[in-house]
Each structure stands twice: as structure tokens, then as C-alpha cells.
Amino acid sequence: MNKVIQFIKESYTEMTDNVSWMSFNEAKDSSILVLVASLVFALVIGGADSLINAALEFIYKAI
């Protein structure tokens, strides 16, 4: 049990003293970047899906 308590204490010390946490503005900027990149990626994939779907429909109608 002492090892568990020691582990928790060391983990707490590591998280509070040694980890460098980003500021609120850095976190906000990173979140906005991820959101924009995700939307762009979704639009590209959606566009490719629509083009492929239209091409396949054209091919199937021609057969």
C-alpha cells in the first residue's frame, strides 16, 4: 500500500512541478486550428465522395 501512496504523491508532484502546461490562449488557438483543419478535411473528403458517387452513377447508367 505504501508503494501506491508513494506513486500517487510522485505523480502529483510530476504533474504540478515538472509538466509545462500551455496557457489558455495557446489552448484556444490550438483548438481553433484543429477545428478548422477538421472542417477542411471533412469538406475535401465529402467532395471526393460526391465526385466518385457521380462518376459511378454515370458509369452504371451507361451500362
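Residues numbered from 1 in each chain as written. Predicted model: local features only at pLDDT ≥ 70, side-chain atom pairs only at ≥ 80, totals over all residues. Heavy atoms only, no water.

Engineer: In this structure, what is going on with the overall build of the protein? I would like to understand it.
Structural biologist: From N to C terminus, the protein includes two helices and zero strands. On C-alpha atoms alone, the protein measures out to a radius of gyration of 25 Å, which is more than a quarter above the 11 Å that the 2.2 N^0.38 rule sets for 63 residues. Across the 63 residues in the protein, those meeting the buried criterion constitute 0%. When the accessible surface of the protein is split by element, carbon and sulfur atoms take 70% of a total near 6100 Å². On the protein, the mean spot of the 4 positive side-chain charges and the mean spot of the 7 negative ones are 7 Å from each other. (Helix = DSSP H or I, 4+ residues; strand = E, 2+ residues; numbered from the N terminus. Rg over C-alpha atoms; globule rule 2.2 N^0.38 Å. Buried < 20%, exposed > 50% of the residue type's maximum accessible area, 1.4 Å probe, protein only. Areas by Shrake-Rupley, 256 points an atom, 1.4 Å probe, with all protein chains shown as cover. Lys, Arg positive; Asp, Glu negative; His and termini not counted. Charge placed at Lys NZ, Arg CZ, Asp CG, Glu CD.)

Engineer: Could you clarify how one ought to interpret a nonpolar patch on the surface in this entry?
Structural biologist: Together, Ile52, Leu56, Phe58, Ile59, Tyr60 and Ile63 line one region of the surface with nonpolar side chains, adding up to about 720 Å² of accessible area. Tracing the sequence through the fold places Leu56 in helix α2 (residues 24–62). (Patch = residues over 30% accessible without salt bridge, like charges linked within 9 Å, V, L, I, M, F, W, Y side chains within 5 Å. Salt bridge = Lys/Arg side-chain N within 4 Å of Asp/Glu carboxyl O.)

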